[in-house]
Structure formats: C-alpha cells, structure tokens
Amino acid sequence: MGRTVYVNGAYVDEADAKVSIFDRAFLFGDGVYEVTSVIDHELVDADAHVERLDRSLRELGMAWPCTPDELVAMHSELIARNDIDEGVVYMQVTRGEAERDFHFPADTPTSLVAFTQKRGLLDNPKAETGVKVVSMPDIRWQRRDIKSTALLAQVLGKQAAVENDAYEGWMIEDGHVTEGTSSSAYIVKDGTVITRPLSNAILPGVTRRTIVQLMAETDVTLDERLFTIEEAYAADEAFLTSASTFVLPIVDIDGRLIGGGKPGPVARRLRDIYIQEARRSST
Ligand code: PDD
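Residues numbered from 1 in each chain as written. Predicted model: local features only at pLDDT ≥ 70, side-chain atom pairs only at ≥ 80, totals over all residues. Heavy atoms only, no water.

**Student:** Break down the pairing of strand E3 (residues 31-39) for me, with residues and values.
**Tutor:** Most of E3 is tucked away, with 9 of its 9 residues classed as buried. Alternating positions in E3 separate into two faces, Gly 31, Tyr 33, Val 35, Ser 37 and Ile 39 on one and Val 32, Glu 34, Thr 36 and Val 38 on the other, with burial throughout. Relative to strand E5 (residues 87-94), E3 is paired through 8 bridges, and the arrangement is antiparallel. Across the sheet, the residue bridging to Tyr 33 is Gln 92, located in E5. By the bridge criterion, 2 bridges tie E3 to strand E4 (residues 42-43) in an arrangement that is antiparallel. Its bridge partner being in E4, Ile 39 is matched across the sheet by Glu 42. Linking E3 to E4, which pair antiparallel, is a turn of 2 residues; within it Asp 40 sits at a positive phi near 50°. (Buried < 20%, exposed > 50% of the residue type's maximum accessible area, 1.4 Å probe, protein only. Helix = DSSP H or I, 4+ residues; strand = E, 2+ residues; numbered from the N terminus. Pairing = 2+ DSSP bridges.)

**Student:** Give me the pattern of salt bridges: which residues, what numbers.
**Tutor:** Per the stated rule, a full pass over the model turns up 23 salt bridges. For the salt bridge of Glu 77 with Arg 81, the shortest nitrogen-to-oxygen distance reads 2.8 Å. With a gap of 4 residues between them, Glu 77 and Arg 81 both fall in helix H3 (residues 68-81), about one helical turn apart. Counted as one network, the salt bridges with shared partners bring together Asp 138, Arg 140, Arg 144, Glu 173 and Glu 179. (Salt bridge = Lys/Arg side-chain N within 4 Å of Asp/Glu carboxyl O.)

**Student:** Tell me about the site of the ligand, residues and numbers included.
**Tutor:** Contacts to the ligand come from 20 residues, most closely from Tyr 33, Arg 52, Glu 179, Thr 207 and Ala 243. Here an oxygen atom of the ligand sits 2.6 Å away from a polar atom, N or O, in the side chain of Thr 207. Coverage of the ligand by the protein chains reaches 91% of its 480 Å² of free accessible surface. Among the secondary structure elements, those contributing two or more residues to the shell around the ligand are E3, strand E9 (176-180), helix H6 (206-215) and strand E13 (237-242). Grouping the constituent residues of the shell around the ligand by class yields 5 nonpolar, 11 polar and 4 charged. Taken domain by domain, the makeup of the shell around the ligand includes at least three residues from each of domain 1 (4-118) and domain 2 (126-281). (Near = heavy atom within 4 Å. Polar contact = N/O pair within 3.5 Å; in protein donor to acceptor, adjacent residues only side chain to side chain. Areas by Shrake-Rupley, 256 points an atom, 1.4 Å probe, with all protein chains shown as cover. Nonpolar A, V, L, I, M, F, W, Y, C, P; charged D, E, K, R; others polar. Domains from an automatic or database assignment.)

Below, the structure is given as structure tokens:
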C-alpha cells in the first residue's frame, strides 16, 4: 500500500490511480494547480489557495470540478488518510479528457486529482545555512499570473540551477528579476524589503501575500518595485518564499556572497513570524 490519492471523486491507492492519455493537461499542459502546505496536520492559507485557484480557472475559462468547500474537505481527508503532520498537498484541475484538438472541447467535465507529500517544513536545515541562487533569462509565456501546469521553462531553469550547484534560479527579463523558478524573489537594502509588484509577469504567491501583510505589522518597510540582478548582488540580504519552503534566506547569487554568506536578520525574522502566523491560523 502506497499513499492514498484522490482521482475524480475517488480515494485510491497511488498504484491504482489512473488518468487518461487524452487528458488535456497531459497533451497540452491545459491545467492549473495549487500546492498548499500542511503544518500540525492542518492546511496553511487554504482560503488564499482557493481564491487563487478560482482566479486561474476563470482566466482559462475552466469550470470548478467541485465546490470550494468540497475541495478543502478533500484536502483534509487526504491529510487524515495519509497521516500528514508536515508536508504539502498538490492538486490540479485539468480541462478534462477529450479527442485531441486545440480548441476547448464542448461539454467535457474538468478533471481533479490530488496527492500528499510528507516532508519536514519547519526544521529546514536550509533556513539555517541559506541557499544559493543562479540567474537565467526568463523564457516563459506572458501569463505567469496563472498557476498553469505548463512548467517546462521552470523545469529547465531549476535543472540549470541544480547543475550549477544552486537551489533556485532567478529569472531575468528586460534586465530585471521576475521571480524564482518556483518561488517569489526579494532583496533587502537598508532595512527595506524590495520585491517586484504583482502583474502578469509573476505568480501572485500566497506566501508573498501573507508576508506582505505580516510585514505591515513590523518596522520592516516594503518597496514593491522592479530590481536588477546587480542590485541583488549589492543587497544586504536576499530571500525567497513559497508554500513549500515558507521563507528561505539566500546567501549566494551567481557566486557573489550576500550578507557575508550568512542568513540575514530580516529573512530570519520574517521566517519566524510567518511560521508563528501559519501555526496560529491553519485550518
Ligand atoms: N511554486 N512563483 C512561482 C513561479 C512559483 O511556482 C511559486 C510556487 C511561487 C510562490 O507561490 P506560493 O507562495 O503561493 O507557493 C512563486 C509551488 C510551490 C510549486 O510549484 O511547487
């Protein structure tokens, strides 16, 4: 017996979970997804993930496969059945199974699958050491605000990072950092956190949203503006956020040490207050 996963209304063993080769996510990347973290057996920021999923579905003209409440209940059921104390729930909605043709199929129900990944999130050694980042051109499409399953550019970017002994790739467009291959990007200069404003150029990170809200309650100021990789090299600190890593300090960008190669106080503090808030508000 492996994990229990969810496929279109059924909870099944992962070995028995099957989707069609005609599924449009398989053929076209025609699907959207969410990754929600789990702490203490509870979902973190579930409402914000539901909201972003709703937006992704609307932008692509896809119908909800169930109600938002049913989606959250399904997540909780997977957490319980797989005894996930810490980890993530991955879910994706696709435009469903249809004869291969580019335009949207008529009267085809969307498909919903989900699975859990058990992993330690709170005691992450990378939060203590910090991580290394390399920069690369952003070769993605123009609608990065949609959380689409079409992730080939990010797969290539992450692979290039790993081959360069780095944890993450920061993508650059018109001389400015957009974001990480699977995380939001920030630098810190003179006590101010700088991050790119939301637009079609980046994914609206759920963790970014919470961090921005929490920052308003501290003396850390926020400047939402574009920044260059050269500014990042000269920053006091740098960090990244995502649902599966929370806040991770960055100590090296393209071989230049940031903050003397040690995690900085702003990133450390934001990680602490994020985790505190996540534990307090998880559902
Ligand atoms: N990635 N930007 C990109 C391109 C991402 O893929 C992600 C998340 C983020 C951060 O978003 P959030 O805080 O909502 O996780 C930013 C997820 C974790 C993934 O694909 O696994």
